[in-house]
Amino acid sequence: MRESIWPLLLMMILGVTGCAPSPPPAHESILIYGRGQDAVSLDPADAEDGESVKILTNVFDTLVHYDENGTEIVPALAEKWETSADGKTWTFQLREGVRFHDGTPFDGAAVAFTFDRLIHPDNPHRYGAANPYRADYATIEKVDVTSPQEVVFRLKEPSGVFLRKLAMFPASIVSPTSMQKLGDRFRTEPVGTGAFVFVEWLSKERLTLAANKDYWRGKPAIEEVIFKPILEPAARRRQLLSGEIHMADELSIPVRKQIEKDPTLVLETCPGMNTAYLAMNNDHPPFNDVRVRQAIAHAIDKSAIARSAYEDAGMIASTLVPKAMWGHHPALNDYAYDPNRSRELLKEAGVAPGTKVVFYAMRNSRPYLPSPEQVTAIITQELKEIGFEPIVKSPDWASYLDQVGNGEHDICLMGWQTDNADPDNFLFALLDKENAIPPKAHNLSFYRSEEVHQLLVEAQRKTEQDQRLSLYERAQTIIHDDCPMVPLMHLDLAIARTKNVAGYKLHPTGLVMLRSARLEPSGSK
Amino acid sequence: MRILALALIRFVRGLATLVILLFLVFFAIRLTPGGPAVAMLGQRATAREIDRLNHEMGWDRPVMEQFVTYLSNVAHGDLGVAYLSPGRPKVLTELSRLFPATVELSLSAMLLAVPIGIGLGMVAAAYRGRWPDRVVMGIASAGVSIPIFFLGILLLLAFPAMPGSGRLDVRLSMRSIERTGLYLIDSVIAGRWDLWSSASRHLILPAVTLSTIPMAIIARVTRSTLLETLQADFIRAARAKGASWLRVFVFHALPVAAVPMVSLLGLQLATLLAGAVLTETVFTWPGIGRYVTLAAMQKDYGALQGAVLLLGAVFILLNAIIDLLAFLLDPRLRRSGPTNLARGRSA
Amino acid sequence: MSRLLSAPLWAGIILATVSFLAIASPVLPLQDPYVQQSLDRLMPPSSAHWLGTDDLGRDMLSRLLHGGRYSLFVGMVAVGISLGIGGTLGICGGYAGGWIDRGISSITEILLAVPGILIALVTIAVLGPSLFNVMIAVGLSQIPHYARQSRASVLSIRSQDFVLASRMAGSSHGRIMLYHILPNVAGPILVLATMGLGSAILESAALSFLGLSGDPNRPEWGSMLHLTRERFQDQPWLVLVPGLAISGSVLSFNILGDWLRDRLDPKLQSRG
């Protein structure tokens, strides 16, 4: 018995684990992109999440776009445009000869169709699109098609942000023919004019795009790209190493560090246009007192957060507008880490030691906050040191948004990743009094400065960037002094790739554009 | 006739159990704030858009009304839509795609656990009280004590060359040859050994991880059942007649001990099928366990309800089959122990 | 002599040590488990930090011992919940019989129709993630097992001669319950609770590992694993320390439970 069982057992164990690894087949024209989650919806008017946007950016085009290296607005499907004197009428000349992937021509009617879906809740071609971005386009009164190659946007009021909003993914031009043919199936079978043609999508399994041979900017360098959701960052690294995938993003901080150290892989990084911050609810005493808010600002050691939670993969934030973006106020004197000063301020404000603070902290990582739990641990500890007693609440993300939007927090962690590289997208969205109305407030500090509101609204209506810049700097100075929130960090964007991927460049907005990516022969590894 | 009546009763009770269970989940998940509309619209949505969506989806209706609607849809084979899943697929489609992954993982784990577990149990019984017995019992105790997620992490580190997630190499696809959804079987049918090799490499670590609990339990139960049987009179009689120890062991003790084993194995399988939540999480195995965890955490109503319905139904059905089998094999079994032992811990 | 070195003894010693260290951790000469030294993060074990430091620069030894208090306490409360509710239901049902028994058995059956971890997950989804809710979730998910076991024990005793005799002699239900039923079901339930403690610790560690126990500052073993699992390759001690602590305690409880069962349950003693 003894003799027969053990060899058998051993053989079984060795027999199964010893299977030879299958050699990777050589598909050198197919790029495999590993990411954390699958897309949710491929209808531009329906999508909200970053993973869907990665697909939309490659399948669709917008009227205008960012330049290759930065956030200057350049022509895309619109070749040129002009504005009326009052800034309320915008006329776009459309590019000729562009066709949708279904073969139908791109023209003014398609533009009008797209925007009509976006702004009118009762549009007959909405097909259940949730339209989370409708508010961003509410300024559009209507879109007139004056000729097949010319459209006129009529706005309710002049807007300095309008053009940038046209570069955002919800404004991707869809094929009206396919949309009407497919109805709500368009959400899973998108048709646009972009660099890649949608091929197939097996939910949570793979999403395949093929090169658009007739792309107006020129044919992409790779034949096909497969987007593969692989949940754990560590698993994505494992598959990069085994050569199963070529690129991977949404990497956690420890995994970034491991990849950085790995000689066979490349980690590309660039400063990100995002900000993580700690919002303080100005409606809840004692945070209605500016001294208490400043006390908190002095209590948080941002360099410890940068070191422990970001491992230096980011920049310390001194204002809400990211350093990498225009409109950032470079000369603000940030609140220094000084717990003694905090205690003094709290004493002045009459806050007793042991005061309870309801601290909402998400536990899912976000594009601006890769290690929320570590940041939470650091901040709770620092709050305790100045005499607060934090009560941490970490519900699921949907409940979290619901509850903080309702103002149930004293303080909460939050952040923002830019949609359009405009300061308005940070300052107005997150600190204007108009967005401080629960439920579903975005201004989670419930900061209602009239002065700031006037500046921000004025900046929205100006179209000259210099004038807008000085308005935004003035607003940031006031905000800094009122201290409604503590800006924490700007996370660096990062993408990992194997050595044979070339031609791909990280875009500072975080948009993933794969047209120029190519695969070198693996001999050059 | 009695067996038919018994089956009928079990069926009706099972159905009632399912409906009550579903109601509990249905009601509980709607008690909480958040909900799918907020999750669908995300960080940038306005309150008006959320209200609109809730209204369109009927999520603002009274819970009882929603429940009745849901039940009648289920009765018509419509499990609704998983609103937070990629592409908003039908729940039924999702479940029928994910369930085979769980089945494959569970069956493989059982395939490892049964022979090894029984073998270990036999060794322990044969060497009762001596060192092999102690070693086996030690392994068995450790098998139910090491957290499955810890074991999974250890295995991933120990075998850095093995794939750590998914069911298949990213570059391969089963799509053209998929029949049963069990990759190992489908690839054999199609004669695609490259796919078989990739699928089995992906399966090994999760299957080994998942097999530890049933293996340990099977080893223990085999040992104690054998020991009990070996003391029975007919075995003593056979021994007294001069039959060799091995002969008695294999031809007399084992068959008797096999009867309670059937229900033990069935229950183990049922437990594994009902969702190897932790194993599927550590190895990002695309099965029901992960699905239901995510659905519960994100409050994807449709997905959670559908998964609970499926898991509950499978669990109840398997239990019923086991009971009927046990009843057929040996009515005395209805009051005996293995069912309690068999309920291990979450896998 | 070899009996003295047997597994149950070791298990007992380990558990006694772990419990002692956990309870005494606040007064032991340890570093503060919450204090973060971001300059000393990810230090390997050394004379300054016997078990190294974690990603925020906290002393792992101190977190391990303080964590024992949380992990063991969570297990005990969870078992208390299951035992209190499940045991009571089972005993009442088993003793009373009739529709009460049928009602209780039906509830038990419904709960048994779902895997425990699913009950726990839904409970947390509803109540929100926190250590307190983890205890409730684990406790609730185990109720049916306790109810079933205690009912079975009561049933086997209720019909025995001495209980029937006592009933004939006119004893009240309360008296029979107190003097005959409870002492006789106490043994099996004690065994169940000891084993249950192991699985409750395991189950709550699993929920913490999934990131559901709230405050990430708290040195609870499961959440320590959750927060550092990606660092196993470079800083293995961060994963090994809490992982082995969970495994060791659960193993000890299981061995002790086995031993108790052999001792207390005469029917099973013959199985050796």
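Refer to the preceding data block for the structure.
Every value quoted in this text rests on a predicted model; they were computed, and no experiment measured them. (Residues numbered from 1 in each chain as written. Chains lettered and ligands numbered in written order. Predicted model: local features only at pLDDT ≥ 70, side-chain atom pairs only at ≥ 80, totals over all residues. Heavy atoms only, no water.)

Draft legend 1. A look at the sheet that holds strand E1 (residues 30–35) of chain A. Residues and elements named next belong to chain A. Strand order in the open sheet formed by 7 strands is E8-E9-E10-E1-E11-E19-E12, and the pairing between neighbours is mixed. Pairing within the sheet leaves two strands with one partner each, and these edge strands are strand E8 (196–202) and strand E12 (265–270). When strand E9 (residues 206–211) meets strand E10 (residues 224–229), the two strands line up antiparallel, connected through 4 bridges. Bridged to leucine 207 within E10 is phenylalanine 227. Relative to E12, helix H7 (residues 253–261) is tilted by about 125 degrees, and along the sheet it contacts E12 and strand E19 (493–498). (Pairing = 2+ DSSP bridges. Helix = DSSP H or I, 4+ residues; strand = E, 2+ residues; numbered from the N terminus. Contact = heavy atoms within 4.5 Å. Axes fitted to C-alpha atoms, helices over the stretch in contact; angles between N-to-C directions.)

Draft legend 2. The pattern of salt bridges, seen in detail. Residue and element names in this part refer to chain A. As enumerated under the stated definition, the model contains 47 salt bridges over all chains in all. Across the pair aspartate 136 and lysine 165 runs a salt bridge, and its minimum N-O distance is 3.2 Å. A residue pair is termed long-range when its members are at least 10 positions apart, and aspartate 136 in the loop between helix H3 (108–119) and strand E6 (140–147) and lysine 165 in helix H4 (residues 162–166) qualify at 29 residues. Pair check on accessibility: aspartate 136 and lysine 165 agree, each one buried. Each of Arg35, Asp38, Glu51, Lys54 and Asp249 takes part in one network of salt bridges that share partners. (Salt bridge = Lys/Arg side-chain N within 4 Å of Asp/Glu carboxyl O. Buried < 20%, exposed > 50% of the residue type's maximum accessible area, 1.4 Å probe, protein only.)

Draft legend 3. Local environment of the interface of chain C and chain A. Taken together, the contact pairs 22 residues of chain C with 25 residues of chain A. In this assembly, chain C packs against chain A so that about 2000 Å² is buried in total across both faces, 44% of it on carbon and sulfur atoms. Across the chain C-chain A interface, the total number found is 4 salt bridges. With a closest N to O distance of 3.6 Å, Asp234(C) and Lys261(A) form a salt bridge. Summed over the shared surface of chain C and chain A, the number is 14 residue pairs in polar contact (both at pLDDT 80 or more). Grouping the amino acids of the side of chain C that touches chain A by side-chain chemistry returns 8 nonpolar, 6 polar and 8 charged. (Buried area = accessible area lost by both parts, 1.4 Å probe. Polar contact = N/O pair within 3.5 Å; in protein donor to acceptor, adjacent residues only side chain to side chain. Nonpolar A, V, L, I, M, F, W, Y, C, P; charged D, E, K, R; others polar.)

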